[in-house]
Amino acid sequence: MHVIDSHTAGEPTRLILEGGPELGMGPLAERAARLARAHADFTRAVLLEPRGHDAMVGALLVPPSAQDCVTGVIYFNPAGPLGMCGHATIGTAVTLAHLGRITSGRHRIETPVGVVAVTLQDAHTVSVENVESTRLYKDVRLEIDGLGPVTGDVAWGGNWFFLTKDARVALDFANIAVLTADALRIRAALETAGLTGPGGAVIDHIEFTAPPHRTDSHGRNFVLCPGGAYDRSPCGTGSSAKLACLAADGVLAPGETWVQESIIGSTYSLTYRPGDHGGVIPTVTGQAFVTGRTELLFDPRDPYIGGIRPARTRA
Ligand code: PYC
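Reading the values: the criteria
Residues numbered from 1 in each chain as written. Predicted model: local features only at pLDDT ≥ 70, side-chain atom pairs only at ≥ 80, totals over all residues. Heavy atoms only, no water. Salt bridge = Lys/Arg side-chain N within 4 Å of Asp/Glu carboxyl O. Buried < 20%, exposed > 50% of the residue type's maximum accessible area, 1.4 Å probe, protein only. 1 Å grid on protein atoms, 1.4 Å probe; cavity = no way out; pocket = protein on both sides within 12 Å on 5 of 7 lines; lining within 4 Å. Points joined across faces, edges and corners; volume = space filled by probe spheres on them. Helix = DSSP H or I, 4+ residues; strand = E, 2+ residues; numbered from the N terminus. Nonpolar A, V, L, I, M, F, W, Y, C, P; charged D, E, K, R; others polar. Domains from an automatic or database assignment. Contact = heavy atoms within 4.5 Å. Buried area = accessible area lost by both parts, 1.4 Å probe. Near = heavy atom within 4 Å. Polar contact = N/O pair within 3.5 Å; in protein donor to acceptor, adjacent residues only side chain to side chain. Areas by Shrake-Rupley, 256 points an atom, 1.4 Å probe, with all protein chains shown as cover. Sits in = over half its atoms within 2 Å of the grid points.

Draft legend 1. Spatial organisation of the pattern of salt bridges. As enumerated under the stated definition, the model contains 13 salt bridges in all. The salt bridge involving Asp-216 is made with Arg-214; its shortest N-O contact spans 2.8 Å. Classification of Arg-214 as partly exposed rests on a relative accessible area of 33%. One continuous salt-bridge network, built from bridges that share partners, spans Arg-135, Lys-138, Asp-153 and Asp-249.

Written out as structure tokens, the structure reads:
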């Protein structure tokens, strides 16, 4: 299987160039469900150790079903497919440009949650116009075992997020283990409380927010992804959910810039325009770099052909 790796603001993407599973045609959401149902071994084998690591997000290129799209793409992490992925969209656009498959300018890409538009500004800089992002609930109070009360908002940015300012430690690199453990507890509490998005959608990303460390940004975050790894980037869909909350609170006007900083200090620049359904259409700008091109080998005698599953990865 041929893959090409990149990172966006520190967060890795592994694009499958050749050798991925055949998912047929039809709506991308159905093809993503097929990937989850029939090819979980593939997603883990490609991403997890010993061939990768659990922070990696895979990008499987598929024929689009929507018109005028350069490609369809299904993103997945070790826990399964993602609705959308901001960092991986930037990584995919930079990788497609690296391969000579797209040139500078605007292109449409289909994802399981809708069509997004990428504008390739230069070889590394991409703006992603995301799907409409909305806040569903404000100030939800949860009682967390070992943490006490935590209050936060539930918002959609292409994936579902619980965003809270109530981290018990500073959003410092040195505190990643504590932040991860606390975010896992919050996620478990959301499940216990039966709190979901529409149709029972799992709120599977937890985002701690705080004032920035850098003088050129407006906020810092720590985002826990569904596989249990943290996002090294400011998380494109998480930043979109944050914009939806800022807009709903009247704190950020259309066209105004919000610079979002990640737990490692990398940044995205964001703006929005009003959406058609009361939410916001965010534009997320960031940079990606291609880091390698690899042929992955799968030997049937290899006891770890399917990857080493970390204990915290959910089935
Ligand atoms: O950038 O949207 C994102 C993302 C989601 C999970 C990891 N990165």
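The discussion continues.
Draft legend 2. Representation of the layout of surface pockets in the model. Taken as a whole, the largest pocket spans an internal volume of roughly 450 Å³. Residue lining of the largest pocket: 20 residues in total, with Pro-81, Leu-82, Gly-83, Asn-159 and Asp-204 positioned closest to the centre. Elements represented by at least two residues in the lining of the largest pocket include exactly helix 1 (28–38) and strand 5 (80–82). Per element, the largest residue contribution to the lining of the largest pocket is 4 residues, and it comes from helix 1. Lining the second largest pocket are 23 residues; nearest its centre among them are Asp-153, Lys-165, Thr-209, Lys-242 and Asp-249. Looking at the lining of the second largest pocket, the elements that each hand over two or more residues are strand 9 (134–144), strand 10 (148–156), strand 11 (160–164), strand 12 (205–210), strand 13 (219–224), helix 5 (236–248) and strand 14 (258–261). Per-class residue counts for the lining of the second largest pocket are 8 nonpolar, 7 polar and 8 charged.

Draft legend 3. Examining empty space enclosed by the protein more closely. By the definition in use, this model includes 2 cavities of 30 Å³ or more. Approximately 90 Å³ is the volume attributed to the largest cavity. As for the largest cavity, its lining consists of 15 residues, of which Leu-82, Cys-85, His-205, Cys-225 and Asp-231 are closest to the centre. Broken down by secondary-structure element, the contributors of at least two residues to the lining of the largest cavity are helix 3 (86–98) and helix 5. Per-class residue counts for the lining of the largest cavity are 7 nonpolar, 7 polar and 1 charged. Built from parts of two domains, the lining of the largest cavity gets at least three residues from each of domain 1 (2–131 + 291–295) and domain 2 (134–274).

Draft legend 4. Quick peek at the domain arrangement of the protein chain. We note that the domain assignment places domain 1 (2–131 + 291–295) and domain 2 (134–274) within the protein chain. Listed per partner, the contact involves 19 residues of domain 1 and 21 residues of domain 2. Where domain 1 abuts domain 2, roughly 1,300 Å² becomes buried across the two surfaces, and 56% of that area is made up of carbon and sulfur atoms. It is Ala-9, Glu-11 and Asn-130 that lose the most area in domain 1 upon contact with domain 2, and together they represent 30% of the buried surface on that side.

Draft legend 5. A look at the site of the ligand. What surrounds the ligand is the set Cys-85, Gly-86, His-87, His-205, Cys-225, Asp-231, Cys-235, Gly-236 and Thr-237. One of the side-chain N or O atoms of Asp-231 is found 2.8 Å from a nitrogen atom in the ligand. In this structure, an oxygen atom belonging to the ligand sits 2.8 Å away from a main-chain N or O atom of Gly-236. Here the ligand, which alone exposes 240 Å², has 100% of that area covered by the protein. Taken atom by atom, the bulk of the ligand overlaps the largest cavity. For the shell around the ligand, the elements supplying multiple residues, two or more each, are helix 3 and helix 5. Residues belonging to the shell around the ligand are distributed by class as follows: 3 nonpolar, 5 polar and 1 charged. Split by domain, the shell around the ligand shows at least three residues from each of two domains, domain 1 (2–131 + 291–295) and domain 2 (134–274).

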